[in-house]
Amino acid sequence: HAKGKSLVDLNRAGTPLMEMVTEPDITSPKLAGDFLRRLQKLVRDEVQVSDADLEKGHFRCDANISVCDDQGNMSEIVELKNLNSFRFIEKALQIEEERLREEYPNWPKKKAKVTRGYDSDRNVTFAQREKEEAADYRYFPEPDLPPVDTTKFDLEAMRQEIGESYDAKLERYNQLGLDRVAKVVIADKAYSKIIDEAIKAGASKSEIVAIGSMLVNKYLDWKEGDAQHLEKILKIVEYNINPEVGLLKEQVIELLSHIRETSFTIASIEQRIGEMAREREASSGDLSAIVDKILTDNPQEVENYRSGKKQLIGFFMGQVMKVTGGKVSPQMASKVLREKLEQ
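Each chain carries its own residue numbering, running from 1 in the direction its sequence is written. Per-residue local features of the predicted model are confined to residues with pLDDT of at least 70, and side-chain atom pairs are confined, for both listing and counting, to 80 or more; whole-chain, interface and lining totals are unaffected and use all residues. Heavy atoms throughout the structure, all of them, feed into the side-chain values; hydrogens and water do not.

## A word on the packing of aromatic side chains
Move 1: Between the rings of Phe, Tyr and Trp (Trp by its six-membered ring), a pair exists once the centres lie within 6.5 Å; its type follows the angle of the planes, with under 30 degrees stacked, over 60 edge-to-face, and the other angles tilted. According to the stated counting rule, one finds four aromatic pairs in the structure shown.
Move 2: Ring centres of F315 and F316 lie 5.3 Å apart, and the angle between their planes is 70 degrees; on these two criteria the pair is classed as edge-to-face.
Move 3: Three exposure classes are used, based on accessible area relative to the maximum for each residue type with a 1.4 Å probe and protein chains only: buried under 20%, partly exposed in between, and exposed over 50%. Owing to a relative accessible area of 0%, F316 belongs among the buried residues under this scheme.
Move 4: Of the aromatic side chains, those joined through ring pairs into one cluster are Y305, F315 and F316.
Move 5: We call a charge positioned over a ring when the NZ of a Lys or the CZ of an Arg lies within 6 Å of the ring centre and within 35 degrees of the ring normal. A cation over a ring is seen here: K310 above Y305, with NZ or CZ 4.5 Å from the ring centre.

Structure representation (structure tokens):
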């Protein structure tokens, strides 16, 4: 206490702490990192008991590591303290594994356990102190923390209350074709909610994939309550993935920006898309004629495409976008190109 002010730091007073100790089943630095990433998702997204932010000190790891010689003799255990990044955890364990294997042939008998730190700037581990044996900790029972008999809990009921696991949701989204963006969608509860709402509404796989892409690429600034506008979103998506219509990115973003307006109805969407099509036609010219000229100017590439080098579609798409200044939808350009190239 000084000058009427307390110097006691009560920053974490009353904050519950959960410590988890695993069995020695983790066999590599990468596996350790993968386990911790999965644990973070469990704590943050499934059980929802913490933000589990490493940078803010919500989530910490002390990693223990040992190595064995060819005869199966195990070295003493080294504990790496207060690691606060999945990447640092993997790096520190990799460094320590290499160091232990190098030193193991000369490992002193009855060497005390040690703790080490990790310097991320220099990417090295360093000794901190020798670690006490269990008796040195002078453990004594804590009367306010009685043992918990987990057999008294209905674990299956708890699982049902938690709901779908991260792994199950990831598998379900992958089966829908969202594999490229599934992890990003699941990481954002709002994104995951709109995808699940779309599935319930009977959206097709292609529509679901398009919605996932829109969300991840920030076409739509999703807000709480936007699920009520799902019908409008699906109508925009339906037109966007239709090669006969095919909207430009800017047009999709413009349409989505109006979904919360009461006056912006399904009829309004259809009317605006018609206007967009006329605007695009006026600015891009005759797409069929443009494609004909591109194919005429590139006879060797046309021959190579028709001989089996289908990846050249990317070259022709680039030419169309260059000539039209990007004022034609990729879906429509691809449709016209493929029709003419397959003739």
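## Things to note about the pattern of salt bridges
Move 1: Salt bridges, as used here, are contacts in which a Lys or Arg side-chain nitrogen is within 4 Å of a carboxyl oxygen on Asp or Glu. One pass over the structure, following the stated rule, counts 23 salt bridges.
Move 2: Here R172 makes a salt bridge to D196, at a shortest N to O gap of 3.1 Å. In this pair, R172 sits in helix α4 (residues 166–175) while D196 sits in helix α6 (residues 189–200), placing the two residues 24 residues apart along the sequence.
Move 3: Given the relative accessible area of 26%, R172 is considered partly exposed.
Move 4: Each of K30, D34, R37 and E90 takes part in a single network of salt bridges with overlapping partners. The helix count covers DSSP runs of H or I at least four residues long, the strand count covers runs of E at least two residues long, and both are numbered beginning at the N terminus.

## A look at unusual backbone geometry
Move 1: The backbone of A52 shows a phi angle near 50 degrees, a positive value even though the residue is not glycine.
Move 2: Secondary-structure assignment places A52 in the loop between α1 (29–46) and β1 (61–65).
Move 3: The phi torsion at N82 lies on the positive side, around 55 degrees, for a residue other than glycine.

## Considerations on the packing of helix α11 (residues 287–297) against helix α13 (residues 313–324)
Move 1: Axes here mean lines fitted to C-alpha atoms, for a helix over just the part in contact, with angles spanning 0 to 180 degrees between N-to-C directions. Running from amino to carboxyl end, α11 crosses α13 at an angle of 125 degrees, the nearest separation of the two axes being 10 Å. By the angle between their axes, α11 is oblique relative to α13. Read as a crossing pair, α11 and α13 show a hand that is right-handed. Residue-level inspection shows L287, I290, V291, I294 and L295 of α11 in contact with α13, the latter providing F316, Q319, V320, V323 and T324.
Move 2: Residue classes follow a fixed rule: Ala, Val, Leu, Ile, Met, Phe, Trp, Tyr, Cys and Pro count as nonpolar, while Asp, Glu, Lys and Arg count as charged, and any other residue, Gly among them, counts as polar. Residues of the contact of α11 with α13, tallied by class, amount to eight nonpolar, two polar and no charged. We call two directions roughly parallel when the angle between them is under 35 degrees, roughly antiparallel when it is over 145, roughly perpendicular when it lies between 65 and 115, and oblique otherwise. Should the near helix be turned anticlockwise from the far one by less than a right angle, the crossing is termed left-handed; should it be turned clockwise, right-handed. Whether two residues are in contact is decided by their heavy atoms: any pair within 4.5 Å suffices.

## Some words on the environment of V323
Move 1: Note on placement: V323 falls in helix α13.
Move 2: Sequence spacing of V323 and L295 is 28 residues, and the spatial spacing of their C-alpha atoms is 13 Å.
Move 3: Excluding anything up to four places from it in sequence, V323 contacts I290 and I294.

## Digging into the pairing of β1
Move 1: Side-chain alternation along β1 places C61, A63 and I65 on a buried face and D62 and N64 on a face that remains uncovered.
Move 2: Any two strands with at least two DSSP bridges between them are considered paired. For β1 and strand β2 (residues 78–83), the ladder comprises four bridges, and the chain directions are antiparallel. Residue A63 lies in a different strand from β2, and its bridge partner there is L80.

## Side note on the nonpolar core
Move 1: Ranked by size, the top nonpolar core spans 37 residues in total, and within it I195, I211 and I233 carry the most contacts.
Move 2: Elements with a minimum of two residues in this core: α4, α5 (182–187), α6, α7 (205–216), α8 (230–240), α9 (249–256) and α10 (266–284).
Move 3: Among the elements that take part in this core, α8 stands out by supplying six residues, more than any other.
Move 4: Every residue in contact with I233, bar those within four places of it in the chain, is listed here: I194, I211, L220, W222, D226, L256 and I259.
Move 5: What is meant by a nonpolar core is a set of buried Ala, Val, Leu, Ile, Met, Phe, Trp, Tyr and Cys residues, joined one to another through side-chain atoms within 4.5 Å. By size, the runner-up hydrophobic cluster in this structure holds 24 residues, among which are L39, L54, Y104 and V114.

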